[in-house]
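# Chains, contacts and geometry: an overview
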Amino acid sequence: PIPKGFDHYYNAIAVSPDNRYIFVNSGARTDHGEVKNNGGAFPNVREVPLTSCILRLPTDGQDLFLPNDEEALRSAGYLYADGVRNTFDLAYAPNGDLFGVENGPDRDMHEEMNWIRQGHHYGFPWRMGSEDNPQRFPDYDPKKDRLLQPAILGAGSYHNDPDYPPPPMEFTDPVINVGPDADKFRDPETGEIEDASDLGLTLSTFTGHRSPLGLVFDVERTLAPEFRGDGFVLSIGGGCCQLVQNMQDPDEDMLHLDLEKKGDRYEVRIRRIVEGFRSPIDAEIIGNKIYVIEWDGTRGLWEFTIPLAPTAIAETESEALPNGFALYQNYPNPFNAATAIRFALPAQEEVELGVYNMTGQRVATLAQGVRQAG
């Protein structure tokens with residue numbers, strides 16, 4: 001049994017592409033690593049090995065026993081990743097990388113999207129987003145903390161905590177949001193709300209208190225170039241957690257996640273593409289349709305359509321075959337993650353389409369072989 005506390009429970013599950021494992025989020029039993037003794041029932045207890053982690057379980061397992069012991073969990077292969085506060089949802093991208101989105105504490109700190117990898121520690125409760133938890137430092141004075149909203153400060157959930165344990169290992173950074181949306185933050189010096197991308201800054205990853213969930217990806221890569229292979233995530237925010245209202249950032253929406261891998265980390269360009277939900281709590285993508293279910297209000301079920309990729313020149317321009325060979329301007333241009341390069345053939349031809357850099361070196365071959373007229 002897990003000692004009861006703040007309790008985020010188990011609330012995300014994903015199946016590995018090879019169907020060998022399921023990945024399950026076990027939420028934190030505390031808000032920010034504080035002692036949660038539950039009326040004296042659990043003296044000096046903060047997080048325990050079975051909380052604030054991602055568990056990996058074999059799909060063919062039977063009568064599995066997960067001990068509340070970190071070394072035993074690791075040796076059995078169950079403890080996959082650690083240091084996540086509350087990964088509301090897990091999903092695989094088309095390239096096989098596993099991602100999780102999680103909400104932050106009552107303090108105005110960034111909320112994360114993490115690239116989940118085996119053996120990595122994502123910082124909770126010592127760090128949330130890219131920010132250190134101030135309660136871990138012996139000189140912390142919550143009365144001077146501008147990231148505490150008055151209702152939280154009055155509750156006394158943050159306090160000077162000289163017995164806070166030291167960090168156990170090096171932490172892995174969240175995905176970096178380069179804007180333009182979902183990137184509001186409270187300046188720790190002035191207490192003012194700022195827009196990171198407007199200031200040329202980045203966030204790790206979302207505006208505080210948005211509470212991201214309903215994460216899905218275009219794993220079949222069938223969407224139009226602007227969205228192909230990308231992710232989408234909901235924000236329940238003000239529908240359950242009114243603190244986001246003070247961050248001056250619209251929520252209860254769906255965000256488009258244009259991820260770009262940069263070495264050992266990811267950056268994401270985020271755009272708000274659908275708004276006006278009432279507490280959107282989960283999503284599913286089927287082909288080019290995304291379904292969203294609401295937790296509040298009329299508890300609606302919504303369907304909206306993302307454009308598919310064009311299948312042929314004849315479908316987009318004319319039913320007639322082209323009069324001659326043509327290579328068209330790519331669109332969009334300039335572009336970030338994807339662009340479409342169109343060409344036309346009057347008859348069946350052998351085609352080779354290459355991309356060259358400024359010095360004349362071939363850097364990619366996009367098409368090679370026989371193509372039909374069109």
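These notes cover the structure that comes with them. What you see is a predicted model; the values in this text were computed from it and never measured. (Residues numbered from 1 in each chain as written. Predicted model: local features only at pLDDT ≥ 70, side-chain atom pairs only at ≥ 80, totals over all residues. Heavy atoms only, no water.)

### Quick notes on the overall build of the protein chain
As a reminder of what qualifies: In this text, helices come from DSSP runs of H or I with a minimum length of four residues, and strands from runs of E with a minimum of two, each type numbered from the N-terminal end. The buried label applies to any residue whose accessible area, calculated with a 1.4 Å probe on protein chains only, is under 20% of its type's maximum; exposed applies above 50%, and partly exposed to all values in between.
When its secondary structure is counted, the protein chain shows three helices and 23 strands. Taking the principal axes of its C-alpha atoms as reference, the protein chain extends roughly 80 × 50 × 50 Å. The buried share of the protein chain, reckoned over its 374 residues, is 49%.

### A short note on the sheet that holds strand β19 (residues 301–305)
Definition in use: Strand pairing is defined by DSSP finding a minimum of two bridges between the two strands. Axes here mean lines fitted to C-alpha atoms, for a helix over just the part in contact, with angles spanning 0 to 180 degrees between N-to-C directions.
Reading across from one edge, β17-β18-β19 is the order of the three strands in this open sheet, with antiparallel pairing throughout. Since the sheet does not close on itself, it has two edges, and those belong to β17 (280–286) and β19, each with one partner. Averaged over all pairs of adjacent strands, the angle between their axes in this sheet comes to 20°, without regard to strand direction. Across five bridges, strand β18 (residues 289–294) lies against β19 in antiparallel orientation. Bridge pairing links Val292 to Trp302 in β19.

### Observations concerning the layout of surface pockets
Our working definition: Computed over the protein atoms alone on a 1 Å grid, cavities are sets of points where a 1.4 Å probe fits but cannot get out and pockets are open sets with protein on both sides within 12 Å along at least five of seven lines; a residue lines them when it has an atom within 4 Å of a point. Grid points are joined across faces, edges and corners, and a volume is the space filled by probe spheres set on the points. Polar here means any residue outside two lists: the nonpolar Ala, Val, Leu, Ile, Met, Phe, Trp, Tyr, Cys and Pro, and the charged Asp, Glu, Lys and Arg; Gly therefore counts as polar.
The volume enclosed by the second largest pocket comes to roughly 440 Å³. Lining the second largest pocket are 22 residues, with Ile13, Asp89, Leu90, Ala91 and Leu215 sitting closest to its centre. Listed by contribution, the elements that provide at least two residues to the lining of the second largest pocket are β1 (10–15), β5 (87–92), β13 (212–217) and β17. Here the residues of the lining of the second largest pocket sort into 17 nonpolar, two polar and three charged.

### Topic: a nonpolar patch on the surface
Test applied: The residues that make up patches have over 30% relative accessible area and no salt bridge, and they are joined within 9 Å when like-charged or within 5 Å when they are Val, Leu, Ile, Met, Phe, Trp or Tyr. Method for areas: the Shrake-Rupley scheme with a 1.4 Å probe, in which residue coverage is limited to the protein chains shown. For salt bridges, the criterion is a side-chain nitrogen of Lys or Arg within 4 Å of an Asp or Glu carboxyl oxygen.
On the surface, Ile281, Ile293, Trp295 and Leu301 cluster together into a nonpolar patch covering about 380 Å² of accessible area. Structurally, the position occupied by Ile281 is in strand β17.

### Examining the pairing of β17
As paired strands, β17 and β18 are joined by six bridges and run antiparallel to one another. Bridge pairing in β18 places Asp282 opposite Ile293. Between β17 and β18, which pair antiparallel and follow one another directly, the connecting turn spans two residues, one of which, Gly287, has a positive phi of 65°.

### Remarks on the nonpolar core
Let me state the cut-off plainly: Note on terminology: a nonpolar core comprises buried Ala, Val, Leu, Ile, Met, Phe, Trp, Tyr and Cys residues joined through side-chain atoms within 4.5 Å.
Ranked by size, the top nonpolar core spans 18 residues in total, and within it Phe99, Met113, Phe206, Leu215, Phe217, Leu257 and Leu259 carry the most contacts. Of all hydrophobic cores here, the second largest spans 16 residues; its members include Leu234, Ile236, Phe277 and Ile285.

### So, the packing of aromatic side chains
Definition in use: Side-chain rings of Phe, Tyr and Trp, where Trp is taken by its six-membered ring, are said to pair if the distance between their centres is within 6.5 Å; with planes under 30 degrees apart they count as stacked, over 60 as edge-to-face, and otherwise as tilted.
Applying the stated rule across the entire model yields eight aromatic pairs. Considering the side-chain rings of Trp126 and Phe171, the 6.2 Å spacing of their centres and the 25° angle between planes classify their relative orientation as stacked. Of the two residues, Trp126 is situated in the loop between β7 (112–116) and β8 (127–128) and Phe171 in the loop between α2 (150–155) and β10 (176–180); the sequence distance between them amounts to 45 residues. The exposure class of Trp126 is buried, given its relative accessible area of 10%. Consider the rings of Phe277 and Trp302, whose centres lie 6.4 Å apart with planes at 70°: the pair is edge-to-face. Here the residue Phe277 occupies a position in the loop between β16 (265–274) and β17, and Trp302 occupies one in strand β19, the gap between them amounting to 25 residues.

### Considerations on the side chain of Ser26
Applied cut-off: Contact between two residues is taken to exist if any of their heavy atoms lie within 4.5 Å; hydrogens are not considered.
Of note, Ser26 is situated in strand β2 (residues 21–26). Residues in contact with Ser26, not counting those within four places in the same chain, are Ile2, Tyr9, Tyr10, Leu50, Thr51, Ser52, Cys53 and Leu55.

### Notes on the pattern of salt bridges
All chains considered together, the criterion is met by 19 salt bridges. Across the pair Arg107 and Asp145 runs a salt bridge whose closest N-O atoms are separated by 2.7 Å. You can see Arg107 sitting in the loop between β6 (98–102) and β7 and its partner Asp145 sitting in the loop between β9 (131–132) and α2, a full 38 residues away along the chain. For Arg107, a relative accessible area of 8% translates into the label buried. Exposure remark for Asp145: the relative accessible area of 10% places this residue in the buried category. Among the charged side chains, a salt-bridge network with shared partners connects Arg210, Asp249, Asp253 and Arg272.

### As for the sheet that holds β1
Strand order in the open sheet formed by four strands is β1-β2-β3-β4, with antiparallel pairing between adjacent strands. Each edge of the open sheet carries a strand with a single partner, namely β1 and β4 (79–82). Ignoring strand direction, the axes of neighbouring strands in this sheet form an average angle of 20°.

### Examining the environment of Asp195
Let me state the cut-off plainly: Polar contacts here mean pairs of N or O atoms no more than 3.5 Å apart (in protein, one a potential hydrogen donor and the other a potential acceptor; neighbouring residues in sequence count only if both atoms are side-chain atoms).
Positionally, Asp195 belongs in strand β12 (residues 193–195). Sequence-wise, Asp195 and Arg146 are 49 residues apart; in three dimensions their C-alpha atoms are separated by 17 Å. Each residue touching Asp195, except ones within four places of it in the same chain, is listed here: Pro180, Asp183, Lys184 and Phe185. A polar side-chain atom of Asp195 sits 3.1 Å from the main-chain amide nitrogen of Asp198.

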